[in-house]
Amino acid sequence: DVAAFRTAVGNLFGARAPEPLTLLIVADARPLGAFQARRRAGSVLVHVGVAEPWSGPVRISVAAEVIHAWIGERLWIGPDDPAHAAEAHWFSEGVTRHLARDLLFRFGLITSEELLDELHGLHGLLATSPRKGESNASLAQHAGEPGVGPLLVARGALYATRVDALLHAKS
């Protein structure tokens with residue numbers, strides 16, 4: 001389903017021919033839910049625990065890394081200065097997360113329950129973060145600190161979800 005997703009997203013973004021993508025899954029002793037997906041040189045590397053199911057959260061994370069071939073690589077909206085790159089994370093990571101979740105749902109690759117779990121998780125993160133009152137610019141200055149990256153992603157994903165809902169209501 002990752003290959004089909006990559007092809008569909010490529011068509012959505014107007015790619016003439018999808019570039020090859022290697023999906024490498026490395027299983028180790030990590031606990032359930034401690035998976036990580038990262039884009040690497042035309043591939044997606046996924047670290048999962050040996051018992052991790054191919055679930056909505058894993059699919060969303062992998063799909064977001066697939067989308068990074070367009071948002072973050074071909075399209076960059078943010079400062080040119082690497083020292084300030086984190087100022088764009090709410091967009092590059094958050095909007096990408098929204099698109100991954102939304103497209104997976106549209107393509108029938110996650111269930112409505114998995115979609116709602118993702119949204120509830122984002123809202124919960126936003127509501128319970130001790131840094132919820134800080135601006136994105138302030139958070140970007142502390143991007144490497146625990147909890148800051150996920151907060152920026154949640155803000156961007158929920159913002160994109162709201163804009164998407166408003167656009168659908170108007171059309």
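Refer to the structure printed above.
Counting starts from 1 at the beginning of each chain's written sequence and moves along it residue by residue. Thresholds applied to this predicted model are a pLDDT of at least 70 for local features of residues and 80 or more for the giving and counting of side-chain atom pairs; totals over whole chains, interfaces and linings are not thresholded and use all residues. Here the side-chain values reflect all heavy atoms present in the structure, with hydrogen atoms and water set aside.

Break down the pairing of strand β2 (residues 36-40) for me, with residues and values.
Side-chain direction in a regular strand flips from residue to residue, so the side chains alternate between the two faces of the sheet. Here β2 shows a clear split, with A37 and R39 buried on one side and none of Q36, R38 and R40 buried on the other. Pairing between strands is defined by DSSP: at least two bridges between them are needed. The way it works is that DSSP assigns letters per residue, a run of H or I at least four long becomes a helix, a run of E at least two long becomes a strand, and they are numbered from the N terminus. Looking at chain direction, β2 and strand β3 (residues 43-49) are connected through five bridges and run antiparallel. Looking at the pairing, A37 lines up with V46 of β3. The hairpin turn running from β2 into β3, its antiparallel successor, is two residues long, and A41 in that turn takes a positive phi close to 35 degrees. Here the term buried applies to any residue with accessible area under 20% of the maximum for its type, exposed to any over 50%, and partly exposed to those in between, with areas from a 1.4 Å probe on protein chains only.

Describe a nonpolar patch on the surface, and please don't skip the residues or the numbers.
Together, L23, I25 and W54 line one region of the surface with nonpolar side chains, adding up to about 240 Å² of accessible area. One can find W54 in the loop between β3 and α2 (56-67). The partly exposed category is assigned to W54, whose relative accessible area is 31%. Surface patches are defined over residues having more than 30% relative accessible area and no salt bridge, joining like charges when they lie within 9 Å and nonpolar side chains (Val, Leu, Ile, Met, Phe, Trp, Tyr) when within 5 Å. Each accessible area value is a Shrake-Rupley result obtained with a 1.4 Å probe; residue values ignore everything except the protein chains displayed when judging cover. Between Lys or Arg on one side and Asp or Glu on the other, a salt bridge is scored when a side-chain nitrogen of the former is within 4 Å of a carboxyl oxygen of the latter.

Go over α2, please, and point to the residues and values.
Taking 1.5 Å as the rise per residue, α2 with twelve residues should run 16 Å; its terminal C-alpha atoms sit 16 Å apart, in good agreement. Across the twelve residues that make up α2, a large majority, eleven, are buried. All of the buried residues in α2 are G56, V58, R59, I60, S61, V62, A63, A64, E65, V66 and I67. On its buried face, α2 is in contact with α1 (2-12), β1 (22-28), β2, β3, α3 (89-106) and α4 (112-128). A helix is expected to span 1.5 Å multiplied by its residue count minus one. It only takes one pair of heavy atoms within 4.5 Å for two residues to be counted as in contact.

So what's going on with the packing of aromatic side chains? Residues and values would help.
Any two rings among Phe, Tyr and Trp, with Trp reduced to its six-membered ring, count as a pair given centres within 6.5 Å; such a pair is stacked if its planes are under 30 degrees apart, edge-to-face if over 60, and tilted if neither. According to the stated counting rule, one finds four aromatic pairs in the structure shown. Judged by centre distance (5.9 Å) and plane angle (65 degrees), the ring pair of F5 and F107 falls under edge-to-face. With F5 in helix α1 and F107 in the loop between α3 and α4, this pair connects stretches of sequence that are 102 residues apart. For the ring pair W90 and F91, a centre distance of 5.8 Å and an interplane angle of 75 degrees mean the geometry is edge-to-face. The structure contains a cluster of three or more aromatic residues connected by ring pairs, namely W90, F91 and Y159.

So what's going on with the nonpolar core? Which residues, and what values?
Working definition of a nonpolar core: buried Ala, Val, Leu, Ile, Met, Phe, Trp, Tyr and Cys residues. They are joined through side-chain atoms within 4.5 Å. One finds F5, V9, V46, V62, V66, I67 and L104 to be the most contacted residues of the largest nonpolar core, which totals 33 residues. Going through the elements one at a time, α1, β3, α2, α3, α4 and α6 (148-170) are the ones with two or more residues in this core. Among the elements that line this core, the one with the most residues is α2, at seven residues. In this view, I67 contacts F5, V9, F13, T96, L99, A100 and L103; residues no more than four positions away in its chain are not counted.

I'd like to hear about the packing of α2 against α3, residue by residue, with values.
Orientation is described by axes fitted as lines to C-alpha atoms, over the contacting stretch for helices, and by angles from 0 to 180 degrees between their N-to-C directions. In contact at an axis separation of 8 Å, α2 and α3 are set at 115 degrees when each is read in the N-to-C sense. The crossing of α2 and α3 is right-handed. The residues of α3 that touch α2, namely those facing R59, I60, S61, A63, A64 and I67, are T96, R97, L99, A100, R101, L103 and L104. Asp, Glu, Lys and Arg are counted as charged, while Ala, Val, Leu, Ile, Met, Phe, Trp, Tyr, Cys and Pro are counted as nonpolar; the rest, among them Gly, fall into the polar class. Considering only residue class, the contact of α2 with α3 consists of eight nonpolar, two polar and three charged. Take the far helix as the reference: if the near one is turned anticlockwise from it by less than a right angle, the crossing is left-handed, and if turned clockwise, right-handed.

Tell me about the sheet that holds β1, and name the residues and values.
What the three strands build is an open sheet, ordered β1-β3-β2; its pairing is mixed. Since the sheet does not close on itself, it has two edges, and those belong to β1 and β2, each with one partner. Between one strand axis and the next, the sheet turns through 20 degrees on average, direction left out of account. Direction of pairing for β1 relative to β3: parallel, over a ladder of seven bridges. Bridging across to β3, I25 finds its partner in V46. Sitting on the sheet, α2 touches β1, β2 and β3, and the angle it makes with β2 is about 15 degrees.

The values reported here are purely geometric and, on their own, carry no functional implication.
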